[in-house]
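Given next are the chains, with one letter for each unit.
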Amino acid sequence: MIRLTREPIDFTSLTERVRSNQTGAVVLFLGTVRELTAGRRTIALDYDAYPEMARRKMAELVEQARQRWPIVNVEVVHRLGHLELGDVSVAVAVSTPHRHQAFEAAKFLIDELKVVVPIWKKENWADGQTEWVHPAPEASDTGYQVSDIRYQEREGPPHSPSFPDT
Amino acid sequence: MRLFARARDLAGTDELCLTAEQPVTVGTLRTILLQRCPALGPLAKSLLAAVDADYAADDRVLTETNEVAFFPPVSGG
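The structure displayed is predicted, hence computed values, not measured ones.

(A) Region of interest: the overall build of chain B. Across its full length, chain B holds two helices and five strands. What you see in chain B, going N to C, is helices and strands ordered as β-α-β-α-β-β-β. Relative to its length of 77 residues, chain B is compact, with a C-alpha radius of gyration of 12 Å against a globular reference of 11 Å. C-alpha atoms of chain B, sized along the principal axes, occupy 35 × 25 × 20 Å.

(B) A look at the interface of chain A and chain B. Taken residue by residue, the interface counts 31 residues in chain A and 21 residues in chain B. Taken together, the elements giving at least two residues each to the side of chain A that touches chain B come down to helix H2 (51-68), strand S7 (88-96), helix H3 (99-116), strand S8 (119-125), strand S10 (144-146) and strand S11 (151-153) of chain A. Across the side of chain A that touches chain B, the residue classes break down as 18 nonpolar, six polar and seven charged.

(C) Region of the structure containing the sheet that holds strand S1 (residues 2-5) of chain A. Residue and element names in this part refer to chain A. Here four strands make up an open sheet; going across it, the order is S1-S5-S7-S2 and the pairing mixed. What marks the edges here is a single partner per strand, and that holds for S1 and strand S2 (25-32). Across the sheet, the axes of successive neighbouring strands diverge by a mean angle of 10°, strand direction being ignored. In this sheet, S7 lies alongside S2 in antiparallel orientation, the contact comprising eight bridges. Along S7, the bridge assignment pairs phenylalanine 29 with valine 92. Sitting on the sheet, H2 touches S1 and strand S5 (73-79), and the angle it makes with S1 is about 150°. Packing of H3 onto the sheet brings it into contact with S2, S5 and S7, and relative to S7 it is tilted by some 145°.

(D) Representation of the nonpolar core in the model. Counting residues in hydrophobic clusters, the biggest one holds 60 residues, and the most contacted among them are A:Ala65, A:Val94, A:Ala105, A:Leu109, B:Ala7, B:Phe70 and B:Phe71. At eight residues, the largest contribution of residues to this core is made by H3(A). Once residues lying within four places of it in the same chain are set aside, the contact partners of B:Ala7 are B:Leu40, B:Leu43, B:Leu47, B:Phe70, B:Phe71 and B:Pro72.

(E) Layout of the pairing of S5(A). All names here are of chain A. Most of S5 sits out of view: six of its seven residues are buried. Of the pairings in the sheet, the one linking S1 to S5 comprises four bridges and is parallel in character. Along S5, the bridge assignment pairs isoleucine 2 with valine 76. Across six bridges, S5 lies against S7 in antiparallel orientation. Residue pairing in the sheet places histidine 78 in a bridge with valine 90 of S7.

Conventions and cut-offs
- Residues numbered from 1 in each chain as written.
- Chains lettered and ligands numbered in written order.
- Predicted model: local features only at pLDDT ≥ 70, side-chain atom pairs only at ≥ 80, totals over all residues.
- Helix = DSSP H or I, 4+ residues; strand = E, 2+ residues; numbered from the N terminus.
- Rg over C-alpha atoms; globule rule 2.2 N^0.38 Å.
- Contact = placed C-beta atoms within 7 Å.
- Nonpolar A, V, L, I, M, F, W, Y, C, P; charged D, E, K, R; others polar.
- Pairing = 2+ DSSP bridges.
- Axes fitted to C-alpha atoms, helices over the stretch in contact; angles between N-to-C directions.
- Core = buried A, V, L, I, M, F, W, Y, C linked by C-beta atoms within 7 Å.
- Buried ≥ 20, exposed ≤ 12 C-beta atoms within 10 Å, placed from the backbone.

What follows is the structure, encoded as structure tokens:
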């Protein structure tokens, strides 16, 4: 289940939905609104998206994750709109037979979501300024090099992307 | 074409209509966009392109029915 929502994310129900007799492990990741970033204080975040494309890319990531790990159930939900400190912006829940699979799959889904899914956050800083967060383009584990104007499929085995925690 | 996030803010609109002679590529449209909207200058080197809701390379040839979007690097999550 892939979803974009403007409502608070019910991550408890979401976690329950992935729990299954076929799995021994459930991993839930929550992205939450953090107050401090590089010494600056956040008051709130505004999230915007290109919805049709965001849903498509989220579905593609789920499909890729299903091919790499024996996922039984998976939920990826991203919230849009105005979020306060501590609010949950994104939830990823997966269930797999064994725990290392669930940890790896959940990490893959959130790491890749942050690089390829067309969703943007705007910081509302404590000093009154607002600014869209637009990181320097990075390579993605899926083989798409989203860089500088050009888009090309990267050859060779996927590697872990390195990008700063945002 | 559709614009998002800071691209929308700089351009002052979330939707622009551009006309160009066929054949037109994503790259050509990007150039026309930047000429028509010099305010997008700060994003010139980082704008990503999408055609029909998926990433597209600059050499992608466009038809009249394609939906094109330009947007800055993403920051979801």
